[in-house]
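These are the residues of each chain, in order.
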Amino acid sequence: MRALYDVPAPAKLNLFLHVTGRRPDGYHTLQSAFMLIDWCDILHFERRGGGALSREDIGTPLPPDDLVLRAARALQQATGCGQGAHIAVDKRIPSQAGMGGGSSDAAACLLALNRLWRLDLPLARLLEIGLALGADVPFFLRGRNAWVEGIGEAITPLELPAARFIVAKPPAGVGTAEIFSSNLLRRDNSMSIIEGFAESLKHNGFSYGRNDLQPVARILCPDVDQAIHWLESQGLQARMTGSGSAVFAHLPQRSQLLQAPQGWQVRQCSNLAVHPLAGWVSG
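Summarised in this report is the structure supplied together with it. (Residues numbered from 1 in each chain as written. Predicted model: local features only at pLDDT ≥ 70, side-chain atom pairs only at ≥ 80, totals over all residues. Heavy atoms only, no water.)

## Some remarks on the nonpolar core
One recurring pattern in soluble globular proteins is that nonpolar side chains are buried together. We apply this condition: To define a nonpolar core, start from buried Ala, Val, Leu, Ile, Met, Phe, Trp, Tyr and Cys residues and group those joined through side-chain atoms within 4.5 Å. Whether a residue is buried, partly exposed or exposed follows from its accessible area with a 1.4 Å probe, protein chains only, as a fraction of its type maximum: under 20%, in between, or over 50%, in that order. Strands are runs of DSSP state E lasting at least two residues, helices are runs of H or I lasting at least four, and both sets are numbered from the N terminus onward. The criterion used for residue contact is that any of the two residues' heavy atoms lie within 4.5 Å.
Counting 44 residues, the largest nonpolar core has Phe45, Ile87, Leu110, Leu113 and Leu141 as its most contacted members. Secondary structure elements with two or more residues in this core: strand S1 (3–22), strand S2 (28–48), helix H1 (67–79), strand S4 (84–91), helix H2 (101–116), helix H3 (123–133), helix H4 (137–142) and strand S5 (146–150). The element contributing the most residues to this core is H2, with nine residues. Every residue in contact with phenylalanine 45, bar those within four places of it in the chain, is listed here: Arg2, Ala3, Leu4, Tyr5, Val7, His86, Ile87, Ala108, Cys109, Ala112, Leu113 and Leu116. Val19, Leu185, Ala227 and Trp264 belong to the second largest nonpolar core, which has 25 residues in total.

## Here we look at the sheet that holds strand S7 (residues 164–169)
Under the convention used in this document: Whether two strands pair depends on DSSP finding at least two bridges between them. For helices, the fitted line uses only the C-alpha atoms of the stretch in contact; every axis is such a line through C-alpha atoms, and the angle between N-to-C directions lies from 0 to 180 degrees.
Strand order in the open sheet formed by four strands is S8-S9-S7-S10, and the pairing between neighbours is antiparallel. Looking at strand neighbours, the two that pair on one side only are strand S8 (239–240) and strand S10 (265–270), the edges of this open sheet. The strands touched by helix H8 (residues 222–232) within the sheet are S7, S8, strand S9 (247–251) and S10, with S9 carrying the most contacts at an inclination of about 15°.

## Concerning the environment of isoleucine 228
For isoleucine 228, the location among the structural elements is in helix H8. Among the residues examined, isoleucine 228 registers a relative accessible area of 0% and is labelled buried. On a C-alpha basis, the gap between isoleucine 228 and glutamine 76 in space is 43 Å, while along the polypeptide they are 152 residues apart. Not counting residues within four places of it along the chain, the set of residues in contact with isoleucine 228 comprises Gln214, Arg218, Ala238 and Val247.

Written out as structure tokens, the structure reads:
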């Protein structure tokens, strides 16, 4: 095998996000439900000799040393692999959206190169490498919707009903660090339990909880506030995903939506029961 083409890297939505505390090292503890959706980046991998790594951007340019190259390099260093790769990235998931695009790309890179380079690392080893790259990478490696706790390292698989969502990403982004450092952010919210979420899902759909980062983001980034109002004006229950600036709403049925403001990226998405690359790694 010399190449892997059309490798999908799906985005995620945070169905809710509660900030439950702050550790002595400065990291915030969270609770959230992560859900995979069918808005995907597409990556292409060609094996190269000599250990050289290169990246080609198809469409939206990426930073020179992004998570894709960092993931490939980390896999080389962890295994002593002398093979290289040329990686082409068709970036479709918006950046600064809270949708996990960079982390998903990194996970897809680890899974693809583990196969292309015939390393046969088990999932447990890839999770170790992935966690060092970013807190969300292990979620995408595991490939299941999940209840997530701690700083993102405690992951429990979740079964979610099939559903459709509208996702709207306004042009402006919002800095994650700026939100988490704000004095306006509540950090003492009570812990939830997974059974409570599951029960609410049965009776109230996808309305459980809230995003504790959203009130701060609406102040720091007026585009977030505008996007929430745009969805609410159509009778939908809007919520920001992650640290934004994308917002989303559950669509009970196929809906005819109003024209979005110019410059926004808006898409109707379905959730995924499993990652498209599920089964690419053992364990």
